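Single-letter residue listing:
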Amino acid sequence: MPRFYCPVDLTPGAEIDLPAGAARHVQVLRLQPGDGITLFHGGLGDAAASGGEFDATVLRMGRSDVRVQVGAHHATEREAGRAVHLLAGITANERMDWLVEKATELGVASITPLLAERSVLKLKGERAEKKHAHWQAVAVAACEQCGRNRVPQIYPAQSLADWLAGQSTRAAADVGQRLLLSLSPGTGPLHAATPGTQAVTFLSGPEGGLTSTEENLALQHGFMPVTLGQRVLRAETAPLAALAALTLR
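Bear in mind that the values here come from a model prediction, so they are computed numbers and not experimental data.

1. Let's talk about the overall build of the chain
Tallying secondary structure elements over the chain gives eight helices and 12 strands in all. Its C-alpha atoms give the chain principal-axis dimensions of about 60 × 40 × 35 Å. With 249 residues in all, the chain has 43% of them scored as buried. Put simply, 71% of the contacts in the chain that link residues at least 6 apart link residues at least 24 apart. As displayed, the chain has an accessible area near 12,200 Å², and 52% of this comes from carbon and sulfur atoms. Charge separation in the chain, taken as the distance between the mean sites of 23 positive and 24 negative side-chain charges, equals 5 Å.

The structure is reproduced here in structure tokens:
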């Protein structure tokens, strides 16, 4: 059954007009009155407090609007047993889109695109705002496809120094254990550093990796260096490999 992100209050029996994005998707799929769909809040904002997903039935198809009747609520969640927050160096071209999409499918809790010193893509101002909105939309679409009912938060792109400064106001449990992907000799394997189900913040760099200044800054703020093995993975592959190892257990 087609699934749609619907970040509004959903009450069984209520009739609602779908948000513009979901309505366009329904129209593209050429659904008709009487067809069944699934709606979910998405985990962003107060409307998502109940979680889970809702049955719904298409009532009317307008030129630019779609009206549905909300059906039964199902307390279904498909989240990973461990919250993993990615701090990922922004990669070139459309590789960052791919990273956001696949990380969402793998169960990431949040992603902070990192404006690393070696990042090819430089973002600021209106361009940064558009990219942020685009990546959040990529995460929404991935949730619709993979069955997740909680949309991961995509934070605005920022430098490592700015991220670290912002963590001073957050509880340590929110970010959990801090891990840094490193190629330094003697670095221990990821699996040995992450027993149990404690939350993890995983930091990896862009093409070319983090600079020594950035890596040292991370180490000074409690990040533990870990390795994924002897092979050198691409910037968009490494955080996904780590995410899979941390969540698919």
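2. Remarks on the state of the cysteines
Counted by the stated rule, this structure contains zero disulfides. Between C143, a free cysteine, and C146, which holds the nearest cysteine sulfur, the sulfur-to-sulfur gap is 5.3 Å. Given a relative accessible area of 29%, C146 falls into the partly exposed group.

3. A look at the pattern of salt bridges
Following the criterion strictly, the structure yields 12 salt bridges and no others. The partner of R67 in a salt bridge is D17, and the shortest N-O contact between them spans 3.1 Å. Residue R67 is found in strand β5 (residues 66-74), and its partner D17 is found in strand β2 (residues 15-17); the two are separated by 50 residues along the sequence. Looking at R67, the relative accessible area reads 25%, which means it is partly exposed. Its relative accessible area of 42% is what places D17 among the partly exposed residues. In this structure, the salt-bridge partner of K102 is E101, at a minimum N-O distance of 3.1 Å. Owing to a relative accessible area of 24%, K102 belongs among the partly exposed residues under this scheme. Within the structure, one salt-bridge network assembled from shared partners comprises R3, E53 and R78.

4. What to know about the environment of Q145
Its place among the elements puts Q145 in helix α3 (residues 125-146). According to the relative accessible area criterion, Q145 is exposed, its value standing at 56%. Spatially, the C-alpha atoms of Q145 and E105 are 8.4 Å apart, while their sequence positions differ by 40 residues.

5. Considerations on the nonpolar core
Soluble globular proteins tend to pack their nonpolar side chains together in the buried interior. Residues L86, A103 and F202 are the most contacted members of the largest nonpolar core, which totals 31 residues. Residue assignment for this core shows that the elements contributing at least two residues are β6 (84-89), α2 (95-105), α3, α6 (190-193), β11 (200-204) and α8 (238-247). Among the elements that line this core, the one with the most residues is α3, at five residues. Listed in part, the 17 residues of the second largest apolar core include I37, L39, V58 and V68.

6. Focus: the packing of aromatic side chains
Counted according to the given criterion, the structure contains two aromatic pairs. Relative to F40, the ring of Y5 lies with its centre 5.8 Å away and its plane at 45 degrees, an arrangement referred to as tilted. On the criterion of sequence distance, the pair formed by Y5 in strand β1 (residues 3-5) and F40 in strand β3 (residues 36-40) is long-range, its members being 35 residues apart. Judged by its relative accessible area of 15%, Y5 falls in the buried class.

7. Side note on α3
Between its first and last C-alpha, α3 extends 32 Å over 22 residues, near the 32 Å set by a 1.5 Å rise per residue. Contacts made by the buried residues of α3 are with β1, α1 (20-28), β3, α2, β7 (110-114) and β8 (153-154). Residue G147 follows α3 closely and has a positive phi angle near 100 degrees.

8. Regarding the pairing of strand β4 (residues 53-61)
Two faces make up the sheet, and in a regular strand the side chains alternate between them. In this sheet, β4 lies alongside β3 in antiparallel orientation, the contact comprising four bridges. Its bridge partner lying in β4, L39 is registered against F54. Direction of pairing for β4 relative to β5: antiparallel, over a ladder of seven bridges. Residue pairing across strands places F54 opposite H73, the latter belonging to β5. Hairpin connection of β4 to β5: four residues between the antiparallel strands.

Each value, and the rule that gives it
- Residues numbered from 1 in each chain as written.
- Predicted model: local features only at pLDDT ≥ 70, side-chain atom pairs only at ≥ 80, totals over all residues.
- Heavy atoms only, no water.
- Helix = DSSP H or I, 4+ residues; strand = E, 2+ residues; numbered from the N terminus.
- Buried < 20%, exposed > 50% of the residue type's maximum accessible area, 1.4 Å probe, protein only.
- Contact = heavy atoms within 4.5 Å.
- Areas by Shrake-Rupley, 256 points an atom, 1.4 Å probe, with all protein chains shown as cover.
- Lys, Arg positive; Asp, Glu negative; His and termini not counted.
- Charge placed at Lys NZ, Arg CZ, Asp CG, Glu CD.
- Disulfide = S-S within 2.5 Å.
- Salt bridge = Lys/Arg side-chain N within 4 Å of Asp/Glu carboxyl O.
- Core = buried A, V, L, I, M, F, W, Y, C linked by side-chain atoms within 4.5 Å.
- Phe/Tyr/Trp six-rings, centres within 6.5 Å; stacked < 30°, edge-to-face > 60°.
- Expected span 1.5 Å × (residues − 1).
- Pairing = 2+ DSSP bridges.

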